[in-house]
Amino acid sequence: MAIQHALSTVVFLTCVICYYNSCYCGFAFDDISAIKDNRDLRPHTPLKNLFLNDFWGTPMQKEQSHKSYRPLCVLTFRWNYYLHQLEPMGYHLVNMLLHGVVCLMYFRMCSMFLPEISSFIAAMLFAVHPIHTEAVTGVVGRAETLSSVFFLAALIFYTKAAKKRKETSWRYLAFSMISVATAMFCKEQGITITGVCVVYELFVAQKLRLGDIQHFIRSAIGGKVWAPSWWTPDVAKRLGVLGTTTLALLLLRVHIMGARLPVFTRFDNPASVAPSPTRQLTYSYLVGVNLWLLLFPCDLCCDWTMGTVPLVETFLDPRNLATIATALSLLVLCCVALCSGNRRQATVIVMSLAFMVLPFLPASNLFFPVGFVVAERVLYMPSMGWCMLVAYGWNLLAEKRFRKVAWLGISLLLIVHGSKTYLRNLDWESEYTIFMSGLKVNQRNAKLFNNVGHALEKEGRFPEALEYFQKAVRVQEDDIGAHINVGRTFNHLKLYKEAEEAYLKAKSLLPKVKPGESYQARIAPNHLHVFLNLANLIARNETRLEEADLLYRQAISMRADYTQAYINRGDILLKLNRTKEAQEVYERALFYDSNNPDIYYNLGVVFLEQGKASQALAYLDKALEFDPEHEQALFNSAILLQELGRVELRKVARERLLKLLQKDSQNERVHFNLGMLAMDDRDVEGAEHWFRRAVELKEDFRSALFNLALLLADDHRPLQAAPFLNTLVKFHPDHVKGLILLGEIYINNIKDLDAAESCYKRILQQDPHNVQGLHNLCVVYVERGNLQRAESCLQQAHRLAPSEDYVLRHLKIVQARIAKMKQPNHGDGTDDDLPPTHTFPEFQWGATRAGAKEQEEREEGAVDAASADHPSQTSAVSSQDSIDRPASS
């Protein structure tokens, strides 16, 4: 027992040594869709959604769903997110530990069929095999490792249940069936363990051999009933439980899928749409390709779709020899297992074949097409059989006087495999590195070029990205997604004519509508993004908004449930001031996707446009109900709450703004609006802090500069306000309120009448009828003692605004002073008799104030379907062509 514990420790530490560097990798490839973009991981999402949606967060009943139902695996992702949000290390650490647990359980399982040292060799091979890097280092590979834990548990429990031929341990059998169900809800392949249990029952527990099978066949042909000696009621019951459990789980799975298979395109799996016999020959050849990857895992690739493996189109293709060799190898192993007189040999080979073949069947394309050609991750379970077979071969070699050679060979293999695994982990460091590593071994897959381009695009390296997208077009000229990516990159480079040409080329490659045939079944939903991208590009020109609207309507006519088109069309209708139609379009989108926060947000925008603040706030709050992190909804709802003017609502508004600040501490608009809330609460110190921070982040922030200056002026600190006002009018020379407030400070505090006069004349240059600016210019003349000019100025102001009492009052004061000065004891009555600094107490503080604080406008525009965190429309990115997701296997 101590030796077994020591060996187990070595196995686990080997896992850690090989995979510890994976903890420093980021999210790559499918991790983006399954982790970063999956709302089901967020704490605010109802837990029940995990059991209604697929692995990627798409409702199972939707056609876009890949039908990969793995709620228990998603639940572990949710736990990761709860602990450390989107920090990749935690996710990778769990994967590494799960792989270690699987290796320990595999060691335990192998010990039932192999000597302890051979089991140790098998476990070590399994721990270091490079084919596992996609399943362990890729975060989404947790579906394989987690399912394998319960996969092995189901077999171990079953062996305990069937330990006695004429007696069944129903407790262990129940544990086994629970493990089967759990394995299936982690990954679809998990259900195949029932087949492995059947093989164990018949060929290991009951020692069924070739002679028994021949006898059964002869009896069946002769119409006789054959009842072997080992067939007992308990055996029948155990097999019955296995069959019933399998059937029940399969029926449940079909019900969850809605009795519909996922829709894949020829780009995902070219053989699936190929005619006979090409389809059958290619699928058969792929079995050999997978076996070769287990034997020689040198050229590993994260994506084997599209043209990676050319179709086997004729019987004369030399690759058919590999298919024949694979079939013969499996057949020979079956014959040896059934005919061998060596019971251990027969048991090991039978169980190895069961582990190799049965878990692979769902991904083999033999029963239904899957969304990939080859996927290294699905070999995680089949490799258990392979490693057991290799370990048994090593055991035979070691027993036949080749012990040193056997140890030398297996040591070398473990070192080579371990080193390959360690280095392969580095390829998964980022999206760019994993896709570039794929291109090193695979130049026939356009999707790899697309994904390298997309990784460069996210880094803002658009010219380099364009090169890879154009290479993708050259590799696969009919790849719609590649043309979309070319167009999008041209758009980023502001080459709009070239972008439109690329989009039109992609549009021309879409399948043509055929009478009586469903269009949805013939096109990848993401390929319809060409309409969104082309319409977004066209909509840059306001004269082509109707043309853009036509494109959205065309996309909707092709797929009635295409919610992205509804969302973007609503934005176009808002720009066309057709708010009622926009409202109807968004409400229609809600019919197809009632959990989409962007749609609720956009409806809020519609009601804002209609001036219905309470309805707008209700929809913004609804958006936050589905996505509490929705930045635009947080921002605009906070402004609406502030505008309502109630103290308790201002508290909610502040909480929402502070939440945004935690997400982006450099957002000057959030700081500004926190300052506005502080002003409403008469918190001068707090308001000053937030406004100063906003100005630090954006030195030309118009509203923040003015409100900060106004705050300081009202707090009797006009000299501190002046520099901010000068900055304001420097960047915004048309800011009338700023010029008025600056002029007032020049008159009353700095005593620079020339500067004040300059401010007011700048106002009148922009707006000759600005009464406040004209009146304050009159005050400057009064301060200079130029009463005649002041009178003329005030008369002009009175003509412009005869209803303004302060203008008329000041005019009368000036006229009274002039009349008084014309009296004999007041000199000759000229203006020069007054000193330059003479002021009138009746004027109080002189120039009129600039007015109330300035409220910044809320964010305008509806959320675009492609980018929920920008107020204006941007091109949609096709996940089909950028971050591809695997099919349900």
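In this text, all values refer to a predicted model and were calculated from it rather than measured experimentally.

Visitor: Which parts of the structure should I look at to understand a nonpolar patch on the surface?
Guide: Together, Leu 321, Ile 324, Leu 328 and Leu 331 line one region of the surface with nonpolar side chains, adding up to about 410 Å² of accessible area. Mapping Leu 331 onto the fold places it in helix 13 (residues 320-339).

Visitor: Just to check I follow, could you spell out helix 34 (residues 736-750) for this structure?
Guide: Given 3.6 residues per helical turn, the α-helix brings residues three or four places apart onto the same face. Between its terminal C-alpha atoms helix 34 stretches 20 Å, which fits the 21 Å expected from 15 residues at 1.5 Å a residue. Along helix 34, the positions that sit buried rather than exposed are Gly 738, Leu 739, Ile 740, Leu 741, Leu 742, Gly 743, Glu 744, Ile 745, Tyr 746 and Ile 747. Those residues of helix 34 that are buried are in contact with helix 32 (702-714), helix 33 (718-731), helix 35 (753-766) and helix 36 (771-784). Lys 751 sits one or two residues past helix 34 and shows a positive phi near 60 degrees.

Visitor: Explanation requested: unusual backbone geometry in the structure shown.
Guide: One can expect most non-glycine residues to show negative phi and most peptide bonds to be in trans. The omega torsion of the bond from Ser 276 to Pro 277 falls at 0 degrees, within 30 degrees of zero and hence cis. Mapped onto the fold, Pro 277 is located in the loop between helix 11 (233-257) and helix 12 (278-295). Positive phi, close to 55 degrees, is recorded for Lys 207, a residue that is not glycine. Within the element layout of this structure, Lys 207 appears in the loop between helix 9 (193-205) and helix 10 (210-221).

Visitor: When you look at the pattern of salt bridges in this model, what are you seeing that I'm missing?
Guide: Think of it this way: side chains of opposite charge can pair up when their charged atoms draw near. Enumeration according to the criterion identifies 34 salt bridges in this entry. Note that Arg 717 is salt-bridged to Glu 688, the shortest N-O span being 2.9 Å. Of this pair, Arg 717 sits in the loop between helix 32 and helix 33 while Glu 688 sits in helix 31 (residues 684-697); the two residues are 29 residues apart in sequence, bridging distant segments of the chain. Assigned by exposure class, Arg 717 and Glu 688 land together as buried. Each of Glu 629, Glu 631, Lys 659 and Lys 663 takes part in salt bridges that share partners, so that together they form one network.

Visitor: What is the right way to read the state of the cysteines from this model?
Guide: A covalent bond bridging the sulfur atoms of two cysteines is what the word disulfide describes. This structure, assessed with the given rule, holds one disulfide. In this model, Cys 778 is linked to Cys 793 through a disulfide, with the two sulfur atoms separated by 1.9 Å. Since a negative S-S torsion denotes a left-handed disulfide, the Cys 778-Cys 793 link at about -85 degrees is left-handed. Here the residue Cys 778 occupies a position in helix 36, and Cys 793 occupies one in helix 37 (residues 787-800), the gap between them amounting to 15 residues. For the pair formed by Cys 778 and Cys 793, the shared burial category is buried. Cysteine Cys 23 remains unbridged, with the sulfur of Cys 25 as its closest cysteine sulfur at 8.4 Å. Since its relative accessible area comes to 9%, Cys 23 is described here as buried. With no disulfide partner, Cys 73 has as its closest neighbouring cysteine sulfur the one in Cys 186, 6.5 Å distant. A relative accessible area of 0% places Cys 73 in the buried class.

About the criteria used
- Residues numbered from 1 in each chain as written.
- Predicted model: local features only at pLDDT ≥ 70, side-chain atom pairs only at ≥ 80, totals over all residues.
- Heavy atoms only, no water.
- Patch = residues over 30% accessible without salt bridge, like charges linked within 9 Å, V, L, I, M, F, W, Y side chains within 5 Å.
- Areas by Shrake-Rupley, 256 points an atom, 1.4 Å probe, with all protein chains shown as cover.
- Salt bridge = Lys/Arg side-chain N within 4 Å of Asp/Glu carboxyl O.
- Helix = DSSP H or I, 4+ residues; strand = E, 2+ residues; numbered from the N terminus.
- Expected span 1.5 Å × (residues − 1).
- Buried < 20%, exposed > 50% of the residue type's maximum accessible area, 1.4 Å probe, protein only.
- Contact = heavy atoms within 4.5 Å.
- Disulfide = S-S within 2.5 Å.

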